[in-house]
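Inside the fold
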Amino acid sequence: SQKIEQNSEALNIQEGKTATLTCNYTNYSPAYLQWYRQDPGRGPVFLLLIRENEKEKRKERLKVTFDTTLKQSLFHITASQPADSATYLCARHNQAGTALIFGKGTTLSVSS
Amino acid sequence: ETGVTQSPTHLIKTRGQQVTLRCSSQSGHNTVSWYQQALGQGPQFIFQYYREEENGRGNFPPRFSGLQFPNYSSELNVNALELDDSALYLCASSLADYRSTGELFFGEGSRLTVL
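Residues numbered from 1 in each chain as written. Chains lettered and ligands numbered in written order. Predicted model: local features only at pLDDT ≥ 70, side-chain atom pairs only at ≥ 80, totals over all residues. Heavy atoms only, no water.

Looking only at helices and strands, chain A features zero helices and eleven strands. Going from the N terminus to the C terminus, chain A shows its helices and strands as β-β-β-β-β-β-β-β-β-β-β. The globule rule puts the C-alpha radius of gyration for 112 residues at 13 Å, and the 13 Å found for chain A is close to it. Within chain A, buried positions represent 48% of all 112 residues. Here chain A carries 14 positive and 10 negative side-chain charges, and the mean point of each set is 2 Å from the other. (Helix = DSSP H or I, 4+ residues; strand = E, 2+ residues; numbered from the N terminus. Rg over C-alpha atoms; globule rule 2.2 N^0.38 Å. Buried < 20%, exposed > 50% of the residue type's maximum accessible area, 1.4 Å probe, protein only. Lys, Arg positive; Asp, Glu negative; His and termini not counted. Charge placed at Lys NZ, Arg CZ, Asp CG, Glu CD.)

Here's what the structure looks like:
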């Protein structure tokens, strides 16, 4: 079955540093991967989508990479701020394309 | 804000009871999905509705059922509640061709506690 693994449950970094979150997938390569942000008690908010033929995608301070050889996506936040503190979820579609399969998420804490 | 609204935001039920959760999709979206998120876990897919028909279902028992209405709003019904049903229930709307854009628009969720 398809799985998404986010190996780090928590990541603590200092303000201004770059946060790097890892997402690994099993089985076949998905056509794309997605990243969401979730604040406590709130619904996930879409951040970025990267397709398998895209090596890298950027949006403001966010950067996502997709390595089909390693079956891995990396999510970077540069010049991190305390407001970036949240849980970040990686997701792929199931084979039918009807559902997203989410990882457990990585909780990022940025201290000032 | 995504424009997806869910009600109620919080509710408490006892084991064996039944619950109905409601969702109003973002304007123009004809597909709605429901997810269950237990504490410390990622959201898990329950089912998806497209034009009032169930279009996909996750690994949830039949006591989890749903409806989608002509205005694309939706309900999630859970019968014979169990303690393990305590979770945040998330509704997400999208366009039918969401596989090309990929983006799901989530509501803020309904927090269900089963005692």
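All names here are of chain B. One open sheet holds the four strands; their spatial order is S1-S3-S8-S7, and the pairing between them is antiparallel. The sheet terminates laterally at strand S1 (5-7) and strand S7 (64-68), the two strands that pair on one side only. Neighbour to neighbour, the strand axes of the sheet diverge by 15 degrees on average, direction disregarded. Alignment of S7 against strand S8 (residues 74-78), held across five bridges, turns out to be antiparallel. Note on S8: the bridge partner recorded for Phe 64 is Val 78. (Pairing = 2+ DSSP bridges. Axes fitted to C-alpha atoms, helices over the stretch in contact; angles between N-to-C directions.)

For the rest of this paragraph, the subject is the interface of chain A and chain B. Taken together, the contact between chain A and chain B spans 21 residues of the former and 23 residues of the latter. Approximately 1700 Å² of surface area, both sides summed, lies buried where chain A meets chain B, with 49% of it carried by carbon and sulfur atoms. Connecting chain A to chain B are one salt bridge. One salt bridge in this structure joins Arg42(A) and Glu108(B), with 2.7 Å as the shortest N-O distance. The interface formed by chain A and chain B includes six residue pairs in polar contact (both at pLDDT 80 or more). Those elements that provide at least two residues to the side of chain A that touches chain B are strand S4 (32-38), strand S5 (45-51), strand S9 (86-93) and strand S10 (100-102) of chain A. No other element matches S4(A), which puts four residues into the side of chain A that touches chain B. Taken together, the residues of the side of chain A that touches chain B sort by class into ten nonpolar, eight polar and three charged. (Contact = heavy atoms within 4.5 Å. Buried area = accessible area lost by both parts, 1.4 Å probe. Salt bridge = Lys/Arg side-chain N within 4 Å of Asp/Glu carboxyl O. Polar contact = N/O pair within 3.5 Å; in protein donor to acceptor, adjacent residues only side chain to side chain. Nonpolar A, V, L, I, M, F, W, Y, C, P; charged D, E, K, R; others polar.)

Turning our attention to the confidence of the model for chain A. Detailed reading of predicted coordinates is not advised where the pLDDT is low. Mean pLDDT over chain A works out to 93, with 99% of the residues at or above the 70 mark. Across chain A, the secondary-structure element scoring lowest on mean pLDDT is strand S1 (residues 4-5) of chain A, at 92, and the one scoring highest is strand S11 (residues 106-111) of chain A, at 97. (pLDDT = per-residue confidence, 0-100.)

Further remarks concern the pairing of S4(A). A regular strand places its side chains on the two faces of the sheet in alternate fashion. Residue and element names in this part refer to chain A. Buried residues dominate S4, accounting for seven of its seven residues. Going residue by residue along S4, you find Tyr 32, Gln 34, Tyr 36 and Gln 38 tucked away on one face and Leu 33, Trp 35 and Arg 37 tucked away on the opposite face as well. Bridge count between S4 and S5: six bridges; the pairing is antiparallel. Residue pairing across strands places Leu 33 opposite Ile 50, the latter belonging to S5. Adjacent in sequence and paired antiparallel, S4 and S5 are bridged by six residues, among which Gly 41 carries a positive phi angle near 75 degrees. Two elements, S4 and S9, share six bridges in a ladder whose sense is antiparallel. Opposite Leu 33, over in S9, you have Arg 92 as the bridge partner.

Residue and element names in this part refer to chain A. Spatially, S1-S3-S8-S7-S6 is the arrangement adopted by the five strands of the open sheet, whose pairing is antiparallel. Every interior strand has two partners, whereas the edge strands, S1 and strand S6 (56-59), have only one. Where S6 lies against strand S7 (residues 62-67), four bridges are found, and the strand directions are antiparallel. Across the sheet, the residue bridging to Arg 58 is Lys 63, located in S7.

The next point concerns the state of the cysteines. Here, the word disulfide means a covalent bond between the sulfur atoms of two cysteines. All names here are of chain B. Tallying each qualifying case throughout the model produces two disulfides over all chains. Disulfide pairing is shown between Cys 23 and Cys 91; the S-S distance is 1.8 Å. The sign of the S-S torsion, about -65 degrees, decides the handedness of the disulfide formed by Cys 23 and Cys 91: left-handed. Pair noted here: Cys 23 is in strand S3 (residues 19-24) and Cys 91 is in strand S9 (residues 87-94), with a separation of 68 residues, a long-range link. What makes Cys 23 buried here is its relative accessible area of 3%. (Disulfide = S-S within 2.5 Å.)

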